[in-house]
Amino acid sequence: MAHFLIVEARFYTDLADELAAGAIEALEAEGHTYERASVPGALEIPAAMMIGYRNPKAYDGYIALGVVIRGETSHYDIVAGESSRALMDLTLNPGLAIGNGIQTVENRDQAWARANRSDKNKGGGAAKAAMALSALRSTMGTQ
Ligand SMILES: Nc1c(NC[C@H](O)[C@H](O)[C@H](O)CO)[nH]c(=O)[nH]c1=O
Ligand SMILES: CC(=O)[C@@H](O)COP(=O)(O)O
């Protein structure tokens with residue numbers, strides 16, 4: 001059994017709930033435990049993960065959940081690009097087992113299709129990615 005931290009950007013609360021439900025279903029199906037942390041938006045997810053990493057509770061893996069929908073300005077590029085870049089940086093240093101479930105989409109229909117557990121279930125997919133990296137660390141014995 002492993003212990004995971006789910007970090008949810010609550011910018012779109014209904015979509016965040018569905019993504020979280022998908023991730024939780026996937027974790028529980030494999031007998032893992034989890035904690036949930038909420039942040040306002042995707043840009044805050046990496047920082048929340050580092051807060052969790054410095055917590056002595058020791059999480060085996062992390063799951064990032066959020067939805068970034070393009071608006072009128074270039075802010076979409078910042079939010080989408082910087083959140084994903086920061087997560088990739090954390091996977092390399094300090095080497096967190098992260099599943100990235102931040103959806104970067106053009107509209108709500110695309111967002112729902114990806115959040116929906118009965119459709120693309122990206123929350124479940126992010127959980128599976130985190131579980132896979134966590135398992136790899138266990139078998140390969142790396143820190
Ligand atoms: N436009 C979206 C945001 N924007 C908010 C940022 O993520 C951040 O919370 C703010 O800039 C304060 O630091 N966040 C999303 O998750 N999704 C969006 O579509
Ligand atoms: C992803 C965003 O930051 C975006 O939703 C903000 O919308 P806008 O560019 O119209 O301010």
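Please refer to the structure higher up on the page.
Considerations on the site of ligand 1
Item 1. In the vicinity of ligand 1, the contacting residues are Phe-11, Tyr-12, Gly-41, Ala-42, Leu-43, Glu-44, Val-67, Val-68, Ile-69, His-75 and Val-79.
Item 2. Backbone polar atom of Val-67 to a nitrogen atom of ligand 1: 2.7 Å apart, as the coordinates give it.
Item 3. For ligand 1, the accessible surface in isolation is 430 Å², of which the surrounding protein chains cover 75%.
Item 4. Contributing elements (two or more residues each) for the shell around ligand 1: strand E3 (61-69) and helix H3 (75-92).

Some points on the pairing of strand E4 (residues 98-105)
Item 1. Most of E4 is tucked away, with six of its eight residues classed as buried.
Item 2. Pairing of E3 with E4, which is carried by eight bridges, proceeds in the parallel orientation. Paired with Ile-63 across the strands is Gly-99, a residue of E4.
Item 3. As for the winding sense of the linkage, the β-α-β connection from E3 through H3 to E4 is right-handed.

Remarks on the packing of aromatic side chains
Item 1. Taken as a whole and judged by the stated rule, the model has two aromatic pairs.
Item 2. The interplanar angle of 70° and the centroid separation of 5.1 Å between the aromatic rings of Phe-11 and Tyr-12 together place this pair among those described as edge-to-face.
Item 3. Note on Phe-11: relative accessible area 59%, which makes it exposed.
Item 4. When the centroid spacing of 5.8 Å and the interplanar angle of 65° are considered together, the rings of Tyr-59 and Tyr-62 count as edge-to-face. Grouping residues by exposure puts Tyr-59 and Tyr-62 together as buried.
Item 5. Positioned above the aromatic ring of Tyr-76 is the side chain of Arg-70, whose terminal nitrogen or guanidinium carbon lies 4.1 Å from the ring centre.

Observations concerning a nonpolar patch on the surface
Item 1. Taken together, the side chains of Leu-133, Leu-136 and Met-140 present a nonpolar region at the surface, about 280 Å² in accessible area.
Item 2. Note on placement: Leu-136 falls in helix H5 (residues 122-140).
Item 3. What makes Leu-136 partly exposed here is its relative accessible area of 43%.

Remarks on the site of ligand 2
Item 1. Surrounding ligand 2, one finds Val-68, Ile-69, Gly-71, Glu-72, Thr-73, His-75, Tyr-76 and Val-79.
Item 2. Within the side chain of Thr-73, one N or O atom sits 2.6 Å away from an oxygen atom of ligand 2.
Item 3. The side chain of His-75 places a nitrogen or oxygen atom 2.7 Å from an oxygen atom of ligand 2.
Item 4. Contact with the protein chains removes 72% of the 330 Å² of surface that ligand 2 exposes when unbound.

Details of the environment of Ser-84
Item 1. Relative to the helices and strands, Ser-84 is located in helix H3.
Item 2. Along the primary structure Ser-84 and His-32 are separated by 52 residues, whereas in three dimensions their C-alpha atoms are 25 Å apart.
Item 3. Here Gly-81 takes part through its backbone oxygen, which lies 3.0 Å from a polar atom of the side chain of Ser-84.

A look at the packing of helix H2 (residues 45-53) against H3
Item 1. Between H2 and H3, the least distance of the axes is 8 Å, while the angle of their chain directions is 25°. Put simply, H2 runs roughly parallel to H3. For the pair H2 and H3, the contacting residues are Ile-45, Pro-46, Met-49 and Met-50 in the first and Ser-83, Ala-86, Leu-87 and Leu-90 in the second.
Item 2. Considering only residue class, the contact of H2 with H3 consists of seven nonpolar, one polar and no charged.

Rules used in this analysis
Residues numbered from 1 in each chain as written. Chains lettered and ligands numbered in written order. Predicted model: local features only at pLDDT ≥ 70, side-chain atom pairs only at ≥ 80, totals over all residues. Heavy atoms only, no water. Near = heavy atom within 4 Å. Polar contact = N/O pair within 3.5 Å; in protein donor to acceptor, adjacent residues only side chain to side chain. Areas by Shrake-Rupley, 256 points an atom, 1.4 Å probe, with all protein chains shown as cover. Helix = DSSP H or I, 4+ residues; strand = E, 2+ residues; numbered from the N terminus. Buried < 20%, exposed > 50% of the residue type's maximum accessible area, 1.4 Å probe, protein only. Pairing = 2+ DSSP bridges. Right-handed = clockwise from strand over helix to strand, strands pointing away. Phe/Tyr/Trp six-rings, centres within 6.5 Å; stacked < 30°, edge-to-face > 60°. Lys NZ or Arg CZ within 6 Å of the ring centre and 35° of its normal. Patch = residues over 30% accessible without salt bridge, like charges linked within 9 Å, V, L, I, M, F, W, Y side chains within 5 Å. Salt bridge = Lys/Arg side-chain N within 4 Å of Asp/Glu carboxyl O. Axes fitted to C-alpha atoms, helices over the stretch in contact; angles between N-to-C directions. Parallel < 35°, antiparallel > 145°, perpendicular 65-115°, else oblique. Contact = heavy atoms within 4.5 Å. Nonpolar A, V, L, I, M, F, W, Y, C, P; charged D, E, K, R; others polar.

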